[in-house]
Amino acid sequence: MLTTELLIRFLNRNPALTITGIEKEAGMPTRSLTQIINLKRELSDKQRLKLLPILMKYGYSETFNLKATTIAIANNKGGVGKTTTTAYLGEALSNRGLKVLLVDLDSQGNLSQIFNVTTEEGQVFNSLINFNETLHIKPITENLHIAPSDLELQKAELSLLSAPANQQRLQRALVPFLDVYDFILIDCPPSLSVLTLNALNASNSCIVAMQPEMNAVNGLNSLFGVILETQILSNPGLRIEGILFTIVEKNTVHIGLKEAVRETYSSVNIFETEIKKGIEIKKAQALKSLIFDFDKNSAAAKSYDQLAVELLNNLNNKK
Ligand SMILES: Nc1ncnc2c1ncn2[C@@H]1O[C@H](COP(=O)(O)OP(=O)(O)OP(=O)(O)O)[C@@H](O)[C@H]1O
Ligand SMILES: [Mg+2]
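The structure presented is a predicted model; accordingly, all values stated were derived computationally and were not measured.

Draft legend 1. Region of the structure containing the overall build of the protein. If you tally the helices and strands in the protein, you get 15 helices and seven strands. When the backbone C-alpha atoms are referred to their principal axes, the protein occupies close to 60 × 50 × 40 Å. Looking at the protein residue by residue over its 319 residues, the buried ones come to 54%. A separation threshold of at least 6 residues defines the contact pool for the protein, and within that pool the share at least 24 residues apart is 77%. For the protein, the accessible surface area stands at approximately 14,900 Å², while carbon and sulfur atoms represent 53% of it. Between the averaged position of the 32 positive side-chain charges in the protein and that of its 32 negative side-chain charges there is a distance of 6 Å.

Following this line, the structure appears as structure tokens:
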């Protein structure tokens, strides 16, 4: 049955739909939908009947929210903005009313540090090694949660070496949470290690964060090779969501390299949103502040919100 909660979740996932547009199409009085969404009025059976066919036209079904969309943020090259993108894309999606779980899959623990989250009550490592141990999750805000990690995760690579299903451990650990969250974003380490393979096997798609620097293109070939092998051998549902240009500067080298990537990978989606180089990211991270709390009007906060909208629109168009 269409409930107010499902209605809100569906509208949050579809930023292209406007409330006034839906009201008009459903023949409902102006502001009646706003009142329902703001929990000032209950959704009546009559309104349900008017809304359902319109929402279904835009992809609504009873099961639309049963499974989280899981996305690995990857690149074997280091320092290209993977962790920053996981953190702030997650924040942007959660600000839009979506429930988001961030998974820190890098033993550097940078994602956990950005949000000042510690691991004394447990971390991702525990669930990878002991497959019966529930993933340890801590809240950052009401809608944004994190499964943290620290250096301990380094041991996973050795311990998992001869363990059965050693690339499917994260996928298994996430199963109980697929109907809890709208999005699960996994921050990968800067390598094509067993941890990155766990992320790719647990994911529906992959965002490749890429700084347009000289040696970036070579690295991409090996990452795309591993994604292709994962698709063929173990996770046929894995897609490349797109390449995201990060830490972008307005110089001829960056402009030229972005063009070269567009030509070389013409079949891969490249996000229109770019994340420009900006000092506010370093400042927010030094203060362990959420980027939208630090400055919601900063270029970084605005760009990551724009990325969230672009991602949601792309996902809706693929349905
Ligand atoms: N848009 C940006 N503008 C300026 N600095 C940025 C930007 N994005 C990230 N940084 C900074 O660049 C550094 C690397 O970013 P980040 O840690 O997100 O990259 P990473 O790919 O996760 O690195 P690693 O491969 O080591 O995990 C950090 O110090 C971060 O604060
Ligand atoms: Mg990182």
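After that view of the structure, there is still more to cover.
Draft legend 2. Molecular detail of the UniProt feature "domain: AAA" (unreviewed entry) in the protein. UniProt's feature table lists "domain: AAA" (unreviewed entry) at residues 69-239, given in the numbering used throughout. For residues 69-239, helix accounts for 37% and strand for 17%, while the C-alpha atoms at its two ends are 12 Å apart.

Draft legend 3. Highlighting the site of ligand 1. Ligand 1 sits among 18 residues. The nearest are Val80, Lys82, Thr83, Thr84 and Gln285. One nitrogen or oxygen atom from the side chain of glutamine 285 is found 2.6 Å from an oxygen atom belonging to ligand 1. Within the complex, 85% of the 630 Å² of free accessible area of ligand 1 lies under protein. When contributions to the shell around ligand 1 are tallied by element, the ones reaching two or more residues are α5 (82-95) and α13 (279-286). Its residues assigned to classes, the shell around ligand 1 shows five nonpolar, eight polar and five charged.

Draft legend 4. Structural detail: the packing of aromatic side chains. Throughout the structure, instances matching the rule amount to three aromatic pairs. On the basis of an interplanar angle of 70° and a centroid distance of 5.8 Å, the ring pair of tyrosine 88 and tyrosine 304 is categorised as edge-to-face. Note that tyrosine 88 is positioned in helix α5 and tyrosine 304 in helix α15 (residues 299-318), a separation of 216 residues in sequence. For the pair formed by tyrosine 88 and tyrosine 304, the shared burial category is buried.

Draft legend 5. Quick peek at the domain arrangement of the protein. Under the domain assignment used here, the protein contains domain 1 (4-57) and domain 2 (69-318). Spacing between the C-alpha centres of domain 1 and domain 2 amounts to 32 Å. In this complex, domain 1 contributes six residues to the contact, which on the side of domain 2 involves 12 residues. Carbon and sulfur atoms supply 39% of the area that domain 1 and domain 2 bury against each other, a total of about 780 Å² over both sides. Where domain 1 touches domain 2, the interface holds two salt bridges.

Draft legend 6. Broad picture of helix α10 (residues 194-202). Taken across its nine residues, α10 has nine buried, putting it largely inside the fold. Among all positions of α10, only Val194, Leu195, Thr196, Leu197, Asn198, Ala199, Leu200, Asn201 and Ala202 are buried.

Draft legend 7. Region of interest: α5. Taking 1.5 Å of rise per residue, the 14 residues of α5 would be expected to cover 20 Å, and the 20 Å separating its terminal C-alpha atoms lies within 8% of that figure. Within α5, 13 of the 14 residues are buried, which leaves the element mostly enclosed by the surrounding structure. Positive phi appears at glycine 97, one or two residues downstream of α5, with a value of about 90°.

Draft legend 8. Representation of the sheet that holds strand β6 (residues 205-210) within the structure. Taken in spatial order, the seven strands line up as β3-β4-β2-β5-β1-β6-β7 in an open sheet, and their pairing is mixed. In this open sheet, the two strands that pair with only one neighbour each are β3 (138-139) and β7 (239-245). Taken together, the four bridges between strand β2 (residues 100-104) and strand β4 (residues 144-147) define a ladder with parallel strand orientation. Within β4, the residue paired with leucine 101 across the bridge is histidine 145. Each of β1 (69-74), β5 (183-187) and β6 touches α10; the most contacted strand, β1, lies at about 150° to it. In the packing of helix α11 (residues 216-233) onto the sheet, contacts are made with β1, β6 and β7, and the angle to β6 comes to roughly 175°.

Cut-offs and rules
Residues numbered from 1 in each chain as written. Chains lettered and ligands numbered in written order. Predicted model: local features only at pLDDT ≥ 70, side-chain atom pairs only at ≥ 80, totals over all residues. Heavy atoms only, no water. Helix = DSSP H or I, 4+ residues; strand = E, 2+ residues; numbered from the N terminus. Buried < 20%, exposed > 50% of the residue type's maximum accessible area, 1.4 Å probe, protein only. Contact = heavy atoms within 4.5 Å. Areas by Shrake-Rupley, 256 points an atom, 1.4 Å probe, with all protein chains shown as cover. Lys, Arg positive; Asp, Glu negative; His and termini not counted. Charge placed at Lys NZ, Arg CZ, Asp CG, Glu CD. UniProt positions renumbered as here; feature names shortened; annotations may be inferred. Near = heavy atom within 4 Å. Polar contact = N/O pair within 3.5 Å; in protein donor to acceptor, adjacent residues only side chain to side chain. Nonpolar A, V, L, I, M, F, W, Y, C, P; charged D, E, K, R; others polar. Phe/Tyr/Trp six-rings, centres within 6.5 Å; stacked < 30°, edge-to-face > 60°. Domains from an automatic or database assignment. Buried area = accessible area lost by both parts, 1.4 Å probe. Salt bridge = Lys/Arg side-chain N within 4 Å of Asp/Glu carboxyl O. Expected span 1.5 Å × (residues − 1). Pairing = 2+ DSSP bridges. Axes fitted to C-alpha atoms, helices over the stretch in contact; angles between N-to-C directions.

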